There are 2 protein chains.
Amino acid sequence: MARRLRVSEVSDGQMGGQKKIKNMEEFAAVSGISRPTVSKYFNDPDSVRRSTRERIETALERYDYRPNIYAINQNRRLTKNIGIVVPYLADPFFAEIARMIERLCIESGYRPILFSSHGEPAIENENMDSLRAIKPAGVLMAPLGRASDKSAIDAFCRNVPTVLFDSNIEGMGEAFVGSDNHSFVSQTVEYLNRTGEPPCFFEMRHPVNPNANKRRTAYLSMMEMLGLEPHVIKIEGSGWGFEEIGRQGGLGVLEKKLLPTNTVLCSNDRLAIGFLSACCEKGVRVGRGKGCSLRVASHDDHPFSRFTCPSLTTAAHDYAAVSDHAVETLFRLIESGGRFDRRTESLFPARLIMRQSA
Amino acid sequence: MARRLRVSEVSDGQMGGQKKIKNMEEFAAVSGISRPTVSKYFNDPDSVRRSTRERIETALERYDYRPNIYAINQNRRLTKNIGIVVPYLADPFFAEIARMIERLCIESGYRPILFSSHGEPAIENENMDSLRAIKPAGVLMAPLGRASDKSAIDAFCRNVPTVLFDSNIEGMGEAFVGSDNHSFVSQTVEYLNRTGEPPCFFEMRHPVNPNANKRRTAYLSMMEMLGLEPHVIKIEGSGWGFEEIGRQGGLGVLEKKLLPTNTVLCSNDRLAIGFLSACCEKGVRVGRGKGCSLRVASHDDHPFSRFTCPSLTTAAHDYAAVSDHAVETLFRLIESGGRFDRRTESLFPARLIMRQSA
DNA sequence: AGTAAAATTTTACGCGCGTCAAAAAACTTT
DNA sequence: AAAGTTTTTTGACGCGCGTAAAATTTTACT
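Everything quoted here is computed from the prediction, not taken from an experiment. (Residues numbered from 1 in each chain as written. Chains lettered and ligands numbered in written order. Predicted model: local features only at pLDDT ≥ 70, side-chain atom pairs only at ≥ 80, totals over all residues. Heavy atoms only, no water.)

1. With respect to the domain arrangement of chain A
Test applied: The split of the chain into domains comes from an automatic or database domain assignment.
According to the domain assignment, chain A contains domain 1 (7–74), domain 2 (79–179 + 319–349) and domain 3 (181–316). The gap between the C-alpha centroids of domain 1 of chain A and domain 3 of chain A is 60 Å.

2. Section: the relation of the copies chain A and chain B
The test is simple: Superposing copies: least-squares fit, C-alpha atoms only, residues required to have pLDDT of at least 70 in both.
The two copies are related by a screw motion: chain A maps onto chain B through a turn of 180° and a shift of 0.0 Å along the axis, at an RMSD of 0.2 Å. The relationship between the two copies is best expressed as a two-fold rotation axis. Minimal C-alpha distance to the rotation axis in chain A is attained by Y70 of chain A, lying at 2.4 Å.

3. Things to note about helix 4 (residues 50–63) of chain B
Residue and element names in this part refer to chain B. How we decide: Put simply, DSSP marks the helices as runs of H or I at least four residues long and the strands as runs of E at least two long, and each gets a number from the N terminus on. Residue count minus one, scaled by 1.5 Å, sets the expected span of a helix. Here's how the labels work: a residue is buried when its accessible area is under 20% of the maximum for its type, exposed when over 50%, partly exposed in between, all with a 1.4 Å probe on protein chains only. This arc is built from the directions going out from the helix axis to the C-beta atoms. Contact definition: two residues touch when any of their heavy atoms are within 4.5 Å.
The end-to-end C-alpha separation of helix 4 is 20 Å, in line with the 20 Å expected for 14 residues at 1.5 Å each. Taken together, the buried positions of helix 4 are occupied by T52, R53, I56, A59 and Y63. One face of helix 4 carries all of its buried residues, which in axial projection span an arc of 130°. Away from its buried face, by an angle of more than 90 degrees, helix 4 presents the exposed residues R50 and E61. Buried-residue contacts for helix 4 involve helix 2 (24–31) and helix 3 (35–43).

4. Let's talk about the packing of helix 6 (residues 92–107) of chain B against helix 13 (residues 319–335) of chain B
Residue and element names in this part refer to chain B. Stated precisely, the cut-off is as follows: A fitted line through C-alpha atoms represents every axis, and for helices the fit uses only the stretch in contact; the resulting angles, taken between N-to-C directions, go from 0 to 180 degrees. Any angle between 65 and 115 degrees counts as roughly perpendicular, while under 35 counts as roughly parallel, over 145 as roughly antiparallel, and the rest as oblique. In this scheme the crossing of two helices becomes right-handed for a clockwise turn of the near helix relative to the far one and left-handed for an anticlockwise turn of less than a right angle. Three categories are distinguished: nonpolar for Ala, Val, Leu, Ile, Met, Phe, Trp, Tyr, Cys and Pro, charged for Asp, Glu, Lys and Arg, and polar for the others, with Gly belonging to the last.
Taken N-terminus to C-terminus, the directions of helix 6 and helix 13 make an angle of 45°; their axes are 9 Å apart at the nearest point. Here helix 6 is positioned oblique relative to helix 13, judged by the angle of their axes. Seen along the crossing, helix 6 lies across helix 13 with a hand that is right-handed. Along the contact surface, helix 6 presents F93, E96, I97, M100, I101, L104 and C105, while helix 13 presents Y319, A320, V322, S323, D324, V327 and F331. In terms of residue class, the contact of helix 6 with helix 13 is built from eleven nonpolar, one polar and two charged.

5. Quick notes on the confidence of the model for chain A
Stated formally: Each residue carries a pLDDT score, the predictor's own confidence in it, on a scale running from 0 to 100.
With 95% of its residues at a pLDDT of at least 70, chain A reaches an overall mean of 91. Considering each helix and strand of chain A separately, the mean pLDDT is smallest for helix 1 (residues 7–10) of chain A, with a value of 36, and largest for strand 4 (residues 162–165) of chain A, with 98.

6. Considering the protein's contact with DNA strand D
As a reminder, the rule being used: Put simply, a residue is near a molecule or strand once any heavy atom of it comes within 4 Å of that molecule or strand. Think of a polar contact as two N or O atoms within 3.5 Å of one another; within protein, one of them needs to be a possible hydrogen donor and the other a possible acceptor, and neighboring residues in sequence only count if both atoms come from side chains.
Of all residues adjacent to DNA strand D, which total 26 residues, the nearest are M24, S39 and Y65 of chain A together with T52 and N75 of chain B. Within the backbone of M24 of chain A, a nitrogen or oxygen atom sits 2.3 Å from a phosphate oxygen of DNA strand D. Y65 of chain A places a side-chain nitrogen or oxygen 2.4 Å from a phosphate oxygen of DNA strand D. Those elements that place two or more of their residues in the surface near DNA strand D are helix 3 (35–43) and helix 5 (69–75) of chain A together with helix 3 and helix 5 (69–75) of chain B. Across the surface near DNA strand D, the residue classes tally to nine nonpolar, twelve polar and five charged.

Next comes the structure, spelled out in structure tokens:
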């Protein structure tokens, strides 16, 4: 009854390694190792003796067996899954950062699983439900922000080891990793002020993302520090179609000539892309050369901002640093059993990218 | 021994529904239904009597229990997972179509899982490995194209019910759903020719995507049909950074004045975005108005093409039709046991979007 | 060679659920 | 009310693997 198979019994005669391995039992038999040891090998190849490891790996080449992931996850207390949640995957910024995070997870032997909330709180909640179902070792989450169901996120973070990134929600998750908005704005404002008229600040009246608020605050304090009068232009619109909102808002201020200066600092690149589109439509030449009546700058270094007309001067995220540190923090969190003694916030500074628009 | 728990034994006294349910056994106990019947309910709520269903759902409200997904998938012969593979998620076109496909899958009670190949064949192969591991009911795959490891994809499609979309690989997968490239090109060429000089065709010398070849062929046959002399401009560059490739190529042809006509038809929008960026840099005014020396059009209706300067005239995919039909085809395939009698190819026509660039 | 330490094998149980067959109970029909 | 039909319950097995304890083998070391 269930006695262990011996090599000779499962040998495939003249087929030479064509036998299909159904489970770890059979694979252990053909590799001449006991199943528990094989199991140990798959959990950590270095935990078995070298000669054992080599025998397993030899068998692995011949029989291509892979442990059933569902059986593994059912029995392990912690899976190797890592959830990644971004608010809006159609934004190349998030696609890019998700890509870097995925790669780092894979390199460390984890299985990243990517979710997008598509800008909708209901989907964000669904994603958290899906995440609970897969019992991840940890989660890296960039929340929607203002629209998020705060209590749902809070409850989630209490159950699942979570590191927030990009967009901070006070007190939630075991840590936050993001960009230092003050660094972004101080560099753009300083540069614009040094090379021309001081900028007005162009943003949505009801931004979905908490970074927007920090950027406005930073703008105001920067202008005060420089002894300049701030001007904040708030445009209408809701949702995640920032380019269109920026375009409509841009058409509005250009038509009504509401701009107090010849220099516009947009809260983020996607808004700026829309604003530049509006300038083009209105025949307003943008840039710092002669013949140009307007300078436009922004924040984020969105993948497309290099290709706007004119190319967009902006403050760049340190994508690599943010994703590296977020992943590293999550790994530390997992090793600490899912809890930190205190919540940490890590902010990375921006790098000014000077292009043609300002 | 393992005798069934009765309600009274698991009642939580005065806590009123706070007891944590560990498994289906316990949930069956508190709902007063046997475990096999509860199991049946979760597989198909309509397969149990109405009164039974209501008792289960009442208990569900009080105790929020969810079956362990790993145990389910281990025992079911077919999971409810559906794999979605796109070649490059940082391209908003794919992010958009992935979003639509995800939604359709969820609505039908499946669990979509999204993978991006990030433009690299090695990752595409890794993704197929990951997909095998999760034993999906079916897979919707947009392959990399020319760079794909064809034999790996072929082997994969033989094991897993797969529908290809966007980019066709002859004979692989049980079906293909995509756009009709001829429809795209015939509309743009016809329009450009009717409203001005006939276009030259601007493309990469070694396009990664098979649609590019079809578009060139369509351009040539269209020009022949109209009795016009075709001009194909092939630019260098490799990889998935199409905008930068288009920009470099654009700078090249503008500097060397290689354009045979004042009208350029780009193979795709991302190339066109780069080309427009080059025009801007070179001070070439693009559009159909006076003062403009160049017209530019393209194909895809990329999410950003509305915001280029000037906005891009292009031929739009029928995103909805392609994703609808791809998902529907996959569901039919799953119901047919994973095989079709013959491979079908479904192509959807384009819609011309006239904007400012041509 | 002898002994202790480390690694492996045996043996056995458990995870949470799908699924089956037979028995019991609940509805339906005339 | 009896017979027939549908649904549920009971009891049991299996899925593929993690894991623990005890027995055994291998390795390292004095």
